[in-house]
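Single-letter residue listing:
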Amino acid sequence: MKRRLFAVFSFVAVLFALGLGLDYSSASAKTQQTYTIGTDVTFPPFEFANDQNKYVGIDMDLMRAIAKDQGFKVNIKPLGFNAAVQATQSGQIDGVIAGMSITKERAATFDFSNPYFTSGVVMAVAKNSKITDLNALKGKRVAVKTGTSGADYANSIKNKYGFKVVTFDDSNNMYEDVTTGNSVACFEDSPVMRYAIQQGSKLKIVTKPAESGSYGFAVKKGQNKALLTAFNRGLANLKKNGQYDKITERYLGKDSTAKPADDRSFLGLLKQNKGALWDGFVETLWLTVVSIFFATLFGVIVGLMGVVPSKFINGASTTLIYIFRGLPLLVLALFIYTGIPSLTGQKIPAFVAGVITLMFNEGAYIAAFVKGGINAVDHGQMEAARSLGLPFGKSMRKVILPQGIKIMVPSFINQFIITLKDTSILSIIGLLELTQTGKIIIARNLEGFKVWTIVAVIYLVVITLLTWLSNWVQRRTKI
């Protein structure tokens, strides 16, 4: 039994090592002039996905134009602001461009390019609001988006004007909090707020731009100096030859190409984004299947460890279940994706990090019900088998497991459903599964309610089918 457990653990370890090794070697095989750049893609008009699901915006167009001017290539990674920043810090990616304000605090961790855009912070309120200035905010609640200049500005003046700040991870939720009346105002960079209003957001700007700040392209401090130098050279060239003005005019001018979609109905949104939604669904399903496979392996091994006649192995099983059930899935995902590379210097692909996260978390729950399923079999069954001269291993295989499996099978199906839902949390590390796809679509059209309704229906259809399968299996396996 111990040898088999060791063999399976070794197999999983080899798979993990091969996954890392393959990613590392493939990255090394690429030309040194190809850089992986992280971005937000939910911060229009600087970065967002258009109706062809191509990443566009001031930042995206600038980055590509600079790369072309300087003769290098870029691989854009839509990670989200927080994940992009952390991935740059851990060395997972080469740089980040995401409307990132240059501050003294950030300059301690990153090396910034020359400023490529200067913006100011404005306050917006609901269209029917009577609030016209900062003095009217006393005792009220305002919304901000994490990591933005608007958030920094709001926090710097909240004591002076006596308001409370609530933070959101994306702009759409921040705007919705104001339009629904939960917050009375929000603070946002001027061009971003103007774009949102142009797209139909029911807000109005009531202050002039304040706290002027500059955006910069960033790399990890002390690294990728050649990339930073090339960015600065390219930026200077674009400003000199007029391309910079053309790019900014494309998204901020009167003839901006970022016009609202004609059809904002549920069916219209589904037709416009069916390709992106399908890709997100496939990624979700693939991530679920691969993760549940490895989670089952891990869970069965750890569960069996909990019933073998060894106090040490029993204790190891209990400890593993306790640790991985106790860690929040979000924390575990960030630790694996950004924490481990910071310590080891070895990159971990987002998909691999997601699978490992779900393997440990879901596997811990599987281990618990495997252990419980075996213990649910009458103890007299084992005693009877042993009294007939069967060794422990054979008694477990021939007598206990066949009965225990019937108890466990429905729980396996239910765990598959739980894993499917838990994939949504992995949007935090930039995996383009269904939830992250929804965020990207909403960033473009600000139709949060309708897009989330479509995403919810897709999840519910799949979960309903799996629930029917679970019920069918329970009927077939009933003792």
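Please read all numbers here as calculations on a predicted model, not as lab measurements.

### Focus on the side chain of Ser 183
Of note, Ser 183 is situated in the loop between helix 6 (171-179) and strand 11 (185-189). Contact partners of Ser 183, with chain neighbours within four places excluded, come to Arg 141, Val 142, Ala 143, Val 166, Asp 177 and Val 178.

### Things to note about the nonpolar core
Considering soluble globular proteins, one finds that nonpolar side chains tend to be buried as a cluster. Among the nonpolar cores identified, the biggest contains 49 residues, and Tyr 175, Cys 186 and Phe 217 are the most heavily contacted of them. If you tally residues by element for this core, the top one is helix 2 (residues 58-70), at 7 residues. Residues Ala 84, Ile 93, Met 100 and Val 355 belong to the second largest nonpolar core, which totals 37 residues.

### Considering empty space enclosed by the protein
By the definition in use, this model includes 3 cavities of 30 Å³ or more. By volume, the largest cavity is sized at about 80 Å³. Looking at the largest cavity, the residues that line it are Thr 42, Pro 44, Asp 170, Ser 171, Asn 172, Asn 173, Lys 439, Ile 442, Ala 443, Leu 446 and Trp 452. At the level of elements, helix 6 and helix 16 (434-445) are the ones that each hand at least two residues to the lining of the largest cavity. Taken as a whole, the second largest cavity spans an internal volume of roughly 50 Å³. Surrounding the second largest cavity, Asp 40, Phe 43, Phe 81, Ala 98, Gly 99, Lys 145, Thr 146, Gly 147, Thr 148, Ser 149 and Asp 189 form its lining. Looking at side-chain class alone, the lining of the second largest cavity contains 3 nonpolar, 5 polar and 3 charged residues.

### Remarks on the confidence of the model for the protein
Chain-level pLDDT for the protein is 83 on average; 84% of the residues reach the 70-or-more range. Low pLDDT, under 50, characterises residues 1-9; the stretch is placed with 8 contacts to residues that sit more than four places away or in other chains. Low pLDDT, under 50, characterises residues 14-31; the stretch is placed with 10 contacts to residues that sit more than four places away or in other chains.

### Notes on unusual backbone geometry
Here the amide bond leading from Pro 44 into Pro 45 is cis, since omega sits at 10°, within 30 degrees of zero. A positive phi angle is found at Asn 224, which is not glycine, with a value near 55°. For Asn 224, the location among the structural elements is in the loop between strand 14 (218-220) and helix 8 (225-241). Judged by relative accessible area, Asn 224 falls into the partly exposed class, the value being 25%.

Basis of the calculations
- Residues numbered from 1 in each chain as written.
- Predicted model: local features only at pLDDT ≥ 70, side-chain atom pairs only at ≥ 80, totals over all residues.
- Heavy atoms only, no water.
- Helix = DSSP H or I, 4+ residues; strand = E, 2+ residues; numbered from the N terminus.
- Contact = heavy atoms within 4.5 Å.
- Core = buried A, V, L, I, M, F, W, Y, C linked by side-chain atoms within 4.5 Å.
- Buried < 20%, exposed > 50% of the residue type's maximum accessible area, 1.4 Å probe, protein only.
- 1 Å grid on protein atoms, 1.4 Å probe; cavity = no way out; pocket = protein on both sides within 12 Å on 5 of 7 lines; lining within 4 Å.
- Points joined across faces, edges and corners; volume = space filled by probe spheres on them.
- Nonpolar A, V, L, I, M, F, W, Y, C, P; charged D, E, K, R; others polar.
- pLDDT = per-residue confidence, 0-100.

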